[in-house]
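Chain and residue survey
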Amino acid sequence: MTDHRYLIIGGGMVADAAARGIRELDPDGSIGIISEDVDRPYARPALSKKLWTDPAFDWDEKVDLHTEETGAAFVLGTAVTSIDRAAKTVTTADGQSYGYERLLIATGGKPRGLPGLASSERVLDYRSASDYRHLRAFADAGAHVVVVGGGYIGTEITAGIVLNGARVTLVDPDEVVGGRTFPDDLARAFQQRFVDHDVELRLGRRVSSGAEHEGGVTLTLDDGSVVEADAVVVGLGIEPATQLASDAGLTVADGIVVSSTLRTDDDSVFAAGDVAEYPDRILGRRRVEHVDNAQHQGRQAGRNLADADETYDYTPMYYSDVFDMGYEAVGQLSTSLHTVEDWQEPTVTGVVYYLDDDQLVRGVLLWNVWDKTDEARKVLAEAHALTPDMLRGRITP
């Protein structure tokens, strides 16, 4: 059995940030990272952003996070199957055991799949660098790729593929691309960019079945129509990977429930990243699946593994770049909420505020407005003191 003072399950950006957070306080304690991924931690946003849009974006310099600089020992391509909290050990699928003094669960999430289709070199969940490498090969060959799901990842991937010369069909249950996230006029302007770039849109449709065969994939949609593709990218979101924690007797709700210091029910076990449900100081208990949270929460988890005992009091932002449009956002964006729009130029530059039924701001969308996320956080923090008529003009480009 291999023992570590600090053991991290999961090898994503949380693991990298946590290892660096540990080293801020403990330069010598041994760190182990066990990951199902075959690559060391890397900057995941690049998989749907810069690697498609910037030919000079180098993997070694810009994407690989070089977590080995922390002295961490890696076990890659290996799944942890159980945690024994009493013995302070974890067991992997190959029967190996690893001991810990402090454990961080950073298992992220498992992608939602399509009926009848297992992930493969042609059916990509698009969560890993391996998925990127496979998709890149199809795109470079000018293949026909079907993207299922018009959400955050699906729209970025669609734009990236089509800008690199491949043919893309986007299948989305929404009637308008972005329709469940953006106000109607903005969603229609967003959708028009895909039309302008010759993306075939199959909207208001779901995949009812699929089959992979030699040379391609066949999808049958819920209206009976059939789409043939060289490859399929599934962008239907994730389910937090909480089974390990649940089996170990830790409290699980939407994610692994942690305190403001990112501890679970067990003082020796922490959780962070996509898998952790934590108390945000502004927005209340939530779970966040974006890179800004992974980096900040991972660092704080690492520091707390090394006995800092500090509150995680950061409210994360997220961002997206699609064709010539981009945005940053804080909080909840959903058309199930009420909106107040404040445009400098309609659907081009402006701010959208998302309010609940009590007229409290729950989210802020900064559309082509940059470096204003601190101001957005301030609006969210002061929401009880703000009425809708006080929002326009509050954040300016």
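Refer to the structure above for everything that follows.
The paragraphs below set out a description of the structure included in this document.

Conventions and cut-offs
- Residues numbered from 1 in each chain as written.
- Predicted model: local features only at pLDDT ≥ 70, side-chain atom pairs only at ≥ 80, totals over all residues.
- Heavy atoms only, no water.
- Core = buried A, V, L, I, M, F, W, Y, C linked by side-chain atoms within 4.5 Å.
- Buried < 20%, exposed > 50% of the residue type's maximum accessible area, 1.4 Å probe, protein only.
- Helix = DSSP H or I, 4+ residues; strand = E, 2+ residues; numbered from the N terminus.
- Contact = heavy atoms within 4.5 Å.
- Expected span 1.5 Å × (residues − 1).
- Phe/Tyr/Trp six-rings, centres within 6.5 Å; stacked < 30°, edge-to-face > 60°.
- Lys NZ or Arg CZ within 6 Å of the ring centre and 35° of its normal.
- Pairing = 2+ DSSP bridges.

The next point concerns the nonpolar core. In this structure, I8, I31, I83, V90, L103, L104 and I105 are the most contacted members of the largest nonpolar core, which totals 45 residues. The element best represented in this core is helix α1 (residues 13-25), accounting for 6 residues. In this structure I105 touches I9, I83, A245, L250, I256, V269, F270, A271, A272 and V275, once residues within four positions along its chain are discounted.

On to helix α8 (residues 291-305), then. Between its first and last C-alpha atoms α8 spans 20 Å; for 15 residues at 1.5 Å apiece the expected length is 21 Å, and the two agree. Counting buried positions over the 15 residues of α8 gives 12, a clear majority of the element. Regarding α8, the residues found buried are V291, D292, N293, A294, Q297, G298, Q300, A301, G302, R303, N304 and L305. Phi for D307, located one or two positions after α8, is positive at around 75°.

Summed over the entire model, instances satisfying the criterion amount to 11 aromatic pairs. Relative to Y132, the ring of W52 has its centre 5.5 Å away and its plane inclined at 80°; by these criteria the two rings are edge-to-face. Remark: Y132 occurs in helix α4 (residues 129-140) and W52 occurs in helix α2 (residues 50-53); sequence separation between them is 80 residues. Between the aromatic rings of Y152 and Y318, the centroid separation amounts to 6.2 Å while the plane-to-plane angle is 75°, which identifies the pairing as edge-to-face. In this pair, Y152 is assigned in helix α5 (residues 152-163) and Y318 in strand β21 (residues 317-322), connecting sequence segments 166 residues apart. Joined through ring pairs, the aromatic side chains of F182, F190, F194, F323, Y327 and W367 make up one cluster. The ring of Y319 carries the charged tip of K49 above its face, separated from the ring centre by 4.5 Å.

All right, on to the sheet that holds strand β20 (residues 284-286) then. Taking strand neighbours across the sheet as the criterion, the 3 strands line up as β17-β19-β20 in an open arrangement whose pairing is mixed. Either end of the sheet is taken by a strand with one partner, and the two such strands are β17 (256-257) and β20. Bridging between strand β19 (residues 276-280) and β20 involves 3 bridges; their strand directions are antiparallel. Looking at the pairing, P279 lines up with R285 of β20.

This paragraph deals with the side chain of D131. For D131, the location among the structural elements is in helix α4. Excluding anything up to four places from it in sequence, D131 contacts L124, D125 and Y126.

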